[in-house]
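Examination of the molecular architecture
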Amino acid sequence: MNTDSLDTADLIGMLGGALIAVGVVVLGAVNTLTDNPHTEVTNDAGAVTAEPLVPADVRAYLVAAGLVIWGLYGIYKLTRPAETTEQPSAALADD
Amino acid sequence: MSTDAATVDTRLFGREVAYSFDGPWSAYWMALLRVIAGWWFLNAGLGKVYDQGLTYDTTGWLEFGTQGTIVHPITDFFAANAAILPNLMVPWGQIAIGLGLIFGVLTRLAAANGMILASFFYLGNAGWGHGFVNGELFGILVFGGIALFGAGRVFGLDAYLENTALVEQHPRLRYLMG
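Let me sum up the structure you'll find in this document. (Residues numbered from 1 in each chain as written. Chains lettered and ligands numbered in written order. Predicted model: local features only at pLDDT ≥ 70, side-chain atom pairs only at ≥ 80, totals over all residues. Heavy atoms only, no water.)

1. Quick notes on the overall build of chain A
In plain terms, the rule: The numbering of helices and of strands both runs from the N terminus, where a helix is a DSSP run of H or I of at least 4 residues and a strand a run of E of at least 2. Whether two residues touch is decided by their heavy atoms; if any such pair falls within 4.5 Å, the residues are in contact. Only the protein chains shown count as covering a residue, and every accessible area follows the Shrake-Rupley method with a 1.4 Å probe.
Broken down by element type, chain A carries two helices and two strands. The secondary structure elements of chain A, listed N-terminal to C-terminal, are α-β-β-α. Taking the contacts inside chain A whose residues are at least 6 apart along the sequence as the reference set, 53% of them involve residues at least 24 apart. Surface accessibility of chain A: about 5,800 Å² in total, with carbon and sulfur atoms responsible for 64%.

2. Remarks on unusual backbone geometry
All names here are of chain B. This is how it is decided: Type-normalised accessible area, obtained with a 1.4 Å probe on protein chains alone, sets the label of each residue: buried when under 20%, exposed when over 50%, and partly exposed for intermediate values.
Even without glycine at this site, Trp128 takes up a positive phi of about 50°. Its location among the elements puts Trp128 in the loop between helix H5 (107-123) and helix H6 (135-149). On the basis of relative accessible area, Trp128 is assigned to the buried category, the value being 9%. We note that Phe155 has phi near 55°; this positive angle belongs to a residue other than glycine. With respect to the secondary-structure elements, Phe155 resides in the loop between H6 and helix H7 (158-161).

3. What to know about the pattern of salt bridges
Residues and elements named next belong to chain B. Under the convention used in this document: Here, a salt bridge means any side-chain nitrogen of Lys or Arg that lies within 4 Å of a carboxyl oxygen of Asp or Glu.
What the rule picks out here adds up to one salt bridge over all chains. One salt bridge connects Arg153 with Glu162, and the closest N-O pair in it is separated by 3.1 Å. Under the relative-accessibility criterion, Arg153 is labelled buried at 7%.

This is the structure we're talking about:
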């Protein structure tokens, strides 16, 4: 695949990784730096004693959105006509 | 050492990046990553088949294991309406993905399906007991890396399959290979 330049679809595909990084890293850092747990904390009676500032579901939806974008990008690439530069350059290791 | 490998020549974040997989350390690392990730899924699939036979009862996990997670509406639907699909596809999909990765056959197809399965395992992780960065997330990233770098061409059968007449007549098949 020719990767010398990125088209709009490639940039949208890369957005998937950005959403995953926001869901996992950025919002995880928000919870950590504000001294909040990452998930609900309950006591023995089952009552919620502490909640995260950013709910786990919000982070999970962001990660899921990123994964879906990657999946759609893969399907999009599969449906595009094969590029003529697709042939991998065959090079010998001991060249 | 001859590996008939791909050369990556790309542009990332505004910079030209060029490196090849024909170097011994790149080839070594890609092949190791592929085989270890392949064994992870092959072993998981074989364990299920040895345990329960041709189909594996996933309904407990689908209905209750994922309860409260964002994928529960999907997993619950399958548990109630089409349990045969995940019951077949989880063990045999894992075995097929594992074999594909270990032998480097249809590597990108195997890795992409590994990402799909691992995504459900990751997002169906009720309670996030092991945090947001856990084995499943790393599995997704490793599968993605294998697909991205075409690791099947390094000591894998895809390097040979890509040169067959069938693939040369249907070049789009390369998207599914290493």
